[in-house]
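As a plain string of letters, each chain reads:
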Amino acid sequence: MKEFKYTCRHFKGEKPCEFSKDDARKCGECVDYSMRGERVLIIKAGSAGDVLRTTSILRALRTEYPMAFMTWVVDEKNAEVLAGNPFIDEIVFSGGPAA
């Protein structure tokens, strides 16, 4: 039976995390375990400008909740505005129309 650390911020649930993919390490033996704290959900799907302006809250949220797992719900057409942002742990598409 596989041992998973469900509380790890890198745990994806349906697929291996990036560390497992990189060097095939087992979840139970991983040295990059990082406990996931509170869950923060940001829903800002609208126009790309609105999404971009709302990213200004991320630094303050990360300061206040350093262990939080931050998920952002956005329309797929605006997701590139968020791509690579180090304060966001997960980007979820809202199901709105894609460009």
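**Brief notes about the side chain of Asp75**
Inspection of the secondary structure assignment puts Asp75 in the loop between β2 (69–74) and β3 (90–93). Notably, Asp75 is buried but unbridged: the nearest opposite-charge side chain belongs to Lys77, and the N-O separation is 4.7 Å.

**Regarding the environment of Asn78**
The topology assignment puts Asn78 in the loop between β2 and β3. By relative accessible area, which is 6% here, Asn78 ends up buried. When neighbours within four sequence positions are excluded, Asn78 is seen to be in contact with Ala45, Gly46, Ser47, Ala48 and Val51. Of the polar contacts made by the side chain of Asn78, one reaches the backbone nitrogen of Ala48; its length is 3.4 Å.

**Looking at the environment of Ile43**
In this structure, Ile43 sits in strand β1 (residues 39–43). Judged by relative accessible area, which is 62%, Ile43 ranks as exposed.

**Topic: the sheet that holds β2**
Spatial ordering of the open sheet is given by β1-β2-β3, a layout of 3 strands whose pairing is parallel. Strands with a single pairing partner mark the edges of an open sheet, and in this sheet they are β1 and β3. Averaged over all pairs of adjacent strands, the angle between their axes in this sheet comes to 20°, without regard to strand direction. Judged from the 4 bridges that link them, β2 and β3 form a sheet pairing that is parallel. Looking across to β3, one finds that Thr71 is bridged to Glu90.

**A short note on a nonpolar patch on the surface**
Nonpolar side chains collect at one region of the surface, where Tyr33, Met35 and Met67 lie side by side and expose about 280 Å² of accessible area between them. Under the relative-accessibility criterion, Met67 is labelled partly exposed at 37%.

**What to know about the nonpolar core**
Residues Val40, Ile42, Val51, Leu58, Ala68, Met70, Trp72, Val74, Ala79, Leu82, Phe87 and Ile88 constitute the largest nonpolar core, which totals 12 residues. For this core, the elements supplying multiple residues, two or more each, are β1 and β2. The dominant element in this core, judged by the number of residues it contributes, is β2, at 3 residues. Apart from the residues within four sequence positions on either side, Leu82 is in contact with Val51, Thr55, Trp72, Val74, Ile88 and Ile91.

**Topic: the environment of Cys30**
You can see Cys30 is positioned in the loop between α1 (18–23) and β1. Through-space distance from the C-alpha of Cys30 to that of Phe19 is 8.1 Å; in sequence the pair is 11 residues apart. In contact with Cys30, other than residues within four places in its own chain, are Lys5 and Arg25.

Here is what the cut-offs are and how they apply
- Residues numbered from 1 in each chain as written.
- Predicted model: local features only at pLDDT ≥ 70, side-chain atom pairs only at ≥ 80, totals over all residues.
- Heavy atoms only, no water.
- Helix = DSSP H or I, 4+ residues; strand = E, 2+ residues; numbered from the N terminus.
- Buried < 20%, exposed > 50% of the residue type's maximum accessible area, 1.4 Å probe, protein only.
- Lys, Arg positive; Asp, Glu negative; His and termini not counted.
- Salt bridge = Lys/Arg side-chain N within 4 Å of Asp/Glu carboxyl O.
- Contact = heavy atoms within 4.5 Å.
- Polar contact = N/O pair within 3.5 Å; in protein donor to acceptor, adjacent residues only side chain to side chain.
- Pairing = 2+ DSSP bridges.
- Axes fitted to C-alpha atoms, helices over the stretch in contact; angles between N-to-C directions.
- Patch = residues over 30% accessible without salt bridge, like charges linked within 9 Å, V, L, I, M, F, W, Y side chains within 5 Å.
- Areas by Shrake-Rupley, 256 points an atom, 1.4 Å probe, with all protein chains shown as cover.
- Core = buried A, V, L, I, M, F, W, Y, C linked by side-chain atoms within 4.5 Å.

None of the figures reported here should be taken as evidence of function without further support.
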